[in-house]
Amino acid sequence: MGAAERALPDALGTLAVYGLAALWLTSASPSGPALQLAGVCAGALVAGAAVGSVLRRIPRFSTPADRVTLLRAVLVALCAVLAVPQLFTGGRANLLLLVLGGAAFLLDGLDGAVARRTGTSSAEGARFDAATDAALVLVLSVASAAVVGPWVLGIGGMYYAFVAAGFFLPHLRATLPPRPSRRLIGACQPFALLVSLVPAAPSAVAAAAPAVALTLLLFSFGRDVAELEQRHRAELPLAARVRTIVR
């Protein structure tokens, strides 16, 4: 079966696996029906976005690396099923959430390795991987907010704020050269949030880990924005730069 023929079965399989696993999780959850439904809907948004990123491709295709990313997306969606009720009920994270989130975190990088090994690397796959990483950080920040406070939602929301800013300032959507520090800081975010969710973690550690991660993330995004702004100003015609300075 070719890459184009695999896309739809992969998408349907992802939704089926999520649906069955989500039903099992809610049947074992002590939360009320309203919170269970909210969690399932949040997870469905994650799984649906992952499936949509594959089905929207023109031409449509799905690779072995995409299937790894789809698996990660299912794990993230199941984390959302558990995290959303916890946001309203408070308390330490469900151990299963920690296991699912840890698995999604540890699988990060495997899809890239598979893509390189199979010669199927693509810009679409890279964007899909980045979006799944962002979804994991957002879901874990929701779970962590119940433990250390709502400020931690800033970690999960920063990627989406940057993307939203790009709609108003198109130059922020430009491609930046890869930096090892950016990848390292990105990996620190889910790790720090997972640390905050460990049931035995002292309160000081649970709060300090995401605080350090948020500081690094602010530095990373701030540096990228400054570089993109500087590049944009350098590319402006002289007359436009004069008008900008006068204003």
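Residues numbered from 1 in each chain as written. Predicted model: local features only at pLDDT ≥ 70, side-chain atom pairs only at ≥ 80, totals over all residues. Heavy atoms only, no water.

### With respect to the overall build of the chain
Within the chain, the secondary structure is distributed over ten helices and zero strands. Written out in order from the N terminus, the α and β elements of the chain read α-α-α-α-α-α-α-α-α-α. What you see for the chain is a C-alpha radius of gyration of 20 Å, in line with the 18 Å of a compact globule of 247 residues. The principal-axis extent of the C-alpha atoms belonging to the chain is close to 65 × 50 × 30 Å. The buried share among the 247 residues of the chain stands at 40%. For the chain, the proportion of contacts with a sequence separation of at least 24, taken over those separated by at least 6, is 78%. Carbon together with sulfur atoms contributes 72% to the accessible area of the chain, which is approximately 12900 Å² in total. Positive and negative side-chain charges of the chain, numbering 20 and 12 respectively, have mean locations separated by a distance of 5 Å. (Helix = DSSP H or I, 4+ residues; strand = E, 2+ residues; numbered from the N terminus. Rg over C-alpha atoms; globule rule 2.2 N^0.38 Å. Buried < 20%, exposed > 50% of the residue type's maximum accessible area, 1.4 Å probe, protein only. Contact = heavy atoms within 4.5 Å. Areas by Shrake-Rupley, 256 points an atom, 1.4 Å probe, with all protein chains shown as cover. Lys, Arg positive; Asp, Glu negative; His and termini not counted. Charge placed at Lys NZ, Arg CZ, Asp CG, Glu CD.)

### A word on the pattern of salt bridges
Throughout the structure, instances matching the rule amount to ten salt bridges. The residue Asp 133 makes a salt bridge to Arg 72 at a minimum N-O spacing of 2.6 Å. Here the residue Asp 133 occupies a position in helix α6 (residues 123-148), and Arg 72 occupies one in helix α3 (residues 64-89), the gap between them amounting to 61 residues. Residue classification places Arg 72 among the buried residues on the basis of a relative accessible area of 0%. (Salt bridge = Lys/Arg side-chain N within 4 Å of Asp/Glu carboxyl O.)

### Comments concerning the packing of aromatic side chains
The full count for this structure, using the stated rule, is three aromatic pairs. The positively charged end of Arg 57 is found above the aromatic ring belonging to Phe 61, 4.5 Å away from the centroid. (Phe/Tyr/Trp six-rings, centres within 6.5 Å; stacked < 30°, edge-to-face > 60°. Lys NZ or Arg CZ within 6 Å of the ring centre and 35° of its normal.)

### Looking at α3
Between its first and last C-alpha atoms α3 spans 39 Å; for 26 residues at 1.5 Å apiece the expected length is 38 Å, and the two agree. Positive phi shows up at Gly 90, right after α3, with a value of about 75 degrees. (Expected span 1.5 Å × (residues − 1).)

### Some points on the confidence of the model for the chain
For the chain, the mean per-residue pLDDT works out to 88, and 94% of the residues sit at or above 70. Mean pLDDT per element in the chain: helix α10 (residues 238-246) is the minimum at 45, and helix α2 (residues 33-55) is the maximum at 94. Ignoring residues within four places in sequence, the model shows residues 241-247, a span with pLDDT below 50, making five contacts including any to other chains. (pLDDT = per-residue confidence, 0-100.)

### Details of the side chain of Ser 62
When you line up the elements, Ser 62 lands in the loop between α2 and α3. Within polar-contact distance, the side chain of Ser 62 engages the side chain of Asp 10 at 2.6 Å. (Polar contact = N/O pair within 3.5 Å; in protein donor to acceptor, adjacent residues only side chain to side chain.)

### Some words on the state of the cysteines
Two cysteines form a disulfide when their sulfur atoms are joined by a covalent bond. In this structure the tally under the stated criterion is zero disulfides. With no disulfide of its own, Cys 41 lies closest to Cys 79 among cysteine sulfurs, the gap being 17 Å. With relative accessibility at 42%, the residue Cys 41 sits in the partly exposed group. (Disulfide = S-S within 2.5 Å.)

### As for a nonpolar patch on the surface
A grouping of Leu 138, Tyr 159, Tyr 160, Val 163, Phe 167, Phe 168 and Leu 169 is seen on the molecular surface, where their side chains present a nonpolar patch of about 690 Å² in accessible area. If one sorts the elements of the nonpolar patch by residue count, helix α7 (residues 153-168) sits on top with five residues. Mapping Tyr 159 onto the fold places it in helix α7. The partly exposed category is assigned to Tyr 159, whose relative accessible area is 30%. (Patch = residues over 30% accessible without salt bridge, like charges linked within 9 Å, V, L, I, M, F, W, Y side chains within 5 Å.)

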